[in-house]
Amino acid sequence: MAEVVIVGDEEAAGRLVADAIVSLIRSKPDAVLGLATGSTPLATYRALADRIADESIDVRGVRGFALDEYVGLPAGHPESYRAVITREVVEPLGLTPELVRVPNGDPASIEHAGADYEAAIGAAGGVDLQILGIGRTGHIGFNEPGSSLASLTRVKTLTERTRADNARFFDAPDDVPMHCITQGIGTILRARHLVLLAFGEAKAHAVAAAVEGPVTASQPGSAIQLHPHATVVVDEAAASELVNLAYYRHAWSNKPRWQGI
Ligand code: PGA
């Protein structure tokens, strides 16, 4: 079962997850982080940047792999995930840019971009801690419903719902690319620790399906149930459709704090 931690707000979630990442980096200065984009992980990145600055943590050796990228955006487009990861993660945290990879969404080389990315993750020794958001469709990464639970990094077609959800980042809804390249569910499951974050009522159904529903490709988030170390950090609104809420609270409040997440 995934551990479910219900927190007061996004800032509290950010502090909790940042704490786990700081512990990881202290024990492994060349730790490999799996980086999500979107609104959800921003509080974690902010909290992590604060900890790194306040405690002068050396992160020059930390490596990173983004979950996904749009296909076909011009290089340097501000909403390409390469640009987003640079702006929201690499720069504020002070990571070494060359050590942070994003799947290559250039159509010219897209045929082998997935295999190249898998090889790079393998050469880095795999991801230590993977940060995940979850879409209203239940997607993790850009693995939309129906994605194989064994899938590896490859090109996918976005659902219209995801395109509409992401339209807020673009000038016009039609500007949201139709295709993406995303780590597969099988890729994500190879990470040593999964941390799935979700906030707000709009995510409540997807969270309940991921944590308590059947394991099914129709709800890609449910794949986390197959992972031996998955942590779900949610606010009250995102937790509101969970059935076993009382038990999750009980387990968390009785967990020795030194164990962390
Ligand atoms: P969001 O996206 O963090 O912007 O809500 C999450 C996702 O689509 O995975």
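What you are looking at is a predicted structure, and each value in this text was computed from that prediction instead of being measured.

Visitor: Would you take a moment to explain the site of the ligand for this structure?
Guide: Around the ligand sit G38, S39, T40, G133, I134, G135, H139, R168 and K203, and that is every residue in its neighbourhood. The backbone of S39 places a nitrogen or oxygen atom 3.0 Å from an oxygen atom of the ligand. Within the contact set of the ligand, an oxygen atom lies 3.0 Å away from a side-chain nitrogen or oxygen of R168. Its free accessible area being 280 Å², the ligand has 82% of it covered by the protein chains.

Visitor: Please clarify how the nonpolar core should be interpreted in this entry.
Guide: The nonpolar side chains of a soluble globular protein tend to be buried with one another. By size, the foremost hydrophobic cluster in this structure holds 82 residues, and its most contacted members are V234 and L242. Considering each element in turn, this core owes the most residues, nine residues, to helix α1 (residues 10–27). What L242 contacts, discounting residues up to four positions off in sequence, is V4, V207, A208, V211, E212 and Y248.

Visitor: So what exactly am I meant to see when it comes to the UniProt feature "site: Part of the allosteric site" (unreviewed entry) in the protein chain here?
Guide: Under the UniProt annotation, "site: Part of the allosteric site" (unreviewed entry) lies at S147, R154, K156 and T157. If you trace the backbone, R154 turns up in strand β7 (residues 154–157). Among residues more than four places away in sequence, those in contact with R154 are N143, S147, C180, I181, T182, Q183 and G184. Among the polar contacts made by the side chain of R154, one reaches the side chain of S147 at a distance of 3.5 Å.

Visitor: When you look at the pairing of strand β9 (residues 193–198) in this model, what are you seeing that I'm missing?
Guide: Each regular strand carries side chains that alternate between the two faces of the sheet. Within β9, six of the six residues are buried, which leaves the element mostly enclosed by the surrounding structure. Here β9 shows a buried face lined by H193, V195 and L197 and a second buried face lined by L194, L196 and A198. Sheet analysis places strand β6 (residues 129–132) next to β9, joined by four bridges and oriented parallel. Within the sheet, the bridge partner assigned to Q130 lies in β9 and is L194.

Visitor: Can you help me understand the sheet that holds strand β4 (residues 68–70) in this one?
Guide: Adjacent strands of a sheet pair through backbone hydrogen bonds, lying either parallel or antiparallel. Spatially, the three strands line up as an open sheet ordered β4-β8-β7, and their pairing is antiparallel. Edge positions in the open sheet fall to β4 and β7, since each of these has one partner strand only. Strand-to-strand twist of the sheet, defined as the mean angle between neighbouring strand axes without regard to direction, takes the value 30°. Both β7 and strand β8 (residues 179–182) contribute to a ladder of four bridges, which runs antiparallel. When the sheet's bridge partners are listed, V155 is paired in β8 with I181.

Visitor: Looking at this model, I keep getting lost on the UniProt feature "active site" (unreviewed entry) in the protein chain. Mind explaining?
Guide: Residues annotated by UniProt as "active site" (unreviewed entry) correspond here to D68, H139 and E144. Spatial clustering of the annotated residues is evident: they stretch over 77 residues in sequence, but the largest pairwise C-alpha distance comes to 12.3 Å. Among the structural elements, D68 can be located in strand β4. Of the residues examined, D68 reaches a relative accessible area of 5% and is grouped as buried. Polar contacts involving the side chain of D68 include one to the main-chain amide nitrogen of F142, which spans 3.3 Å. On the secondary structure map, E144 appears in the loop between β6 and β7. Not counting residues within four places of it along the chain, the set of residues in contact with E144 comprises T137, H139, K156, T157, L158, T159, T162 and P220.

Calculation notes
- Residue numbering note: each chain is counted from 1, following its sequence as written.
- Where local features are concerned, this predicted model is filtered to residues with pLDDT of at least 70; where side-chain atom pairs are given and counted, the filter is 80 or more; whole-chain, interface and lining totals use all residues.
- Calculated side-chain values reflect all of the structure's heavy atoms, with hydrogen atoms and water omitted.
- Nearness is judged by heavy atoms alone; a residue qualifies as near a molecule or strand once a single heavy atom is within 4 Å of it.
- In protein, a polar contact means a hydrogen-donor-capable atom and an acceptor-capable atom, both N or O and within 3.5 Å, with residues adjacent in sequence counting only if both atoms are side-chain atoms; elsewhere, any N or O pair within 3.5 Å suffices.
- All accessibility values rest on the Shrake-Rupley procedure with a 1.4 Å probe; residue burial counts only the protein chains present in the view.
- To qualify as a nonpolar core, a set must consist of buried Ala, Val, Leu, Ile, Met, Phe, Trp, Tyr and Cys residues joined through side-chain atoms within 4.5 Å.
- When a residue's accessible area, from a 1.4 Å probe over protein chains only, is under 20% of the maximum for its type it is buried; when over 50% it is exposed; and in between it is partly exposed.
- Labels follow the DSSP assignment, with helices taken as runs of H or I lasting at least four residues and strands as runs of E lasting at least two, numbered in each case from the N terminus.
- The contact criterion used throughout is that any non-hydrogen atoms of two residues lie within 4.5 Å.
- UniProt positions are given in the numbering used here, feature names are shortened, and annotations may be inferred rather than shown by experiment.
- A strand pair is defined by DSSP finding two or more bridges across the two strands.
- Only the stretch in contact is used when fitting a helix axis, every axis being a line fitted to C-alpha atoms; angles between N-to-C directions are given from 0 to 180 degrees.

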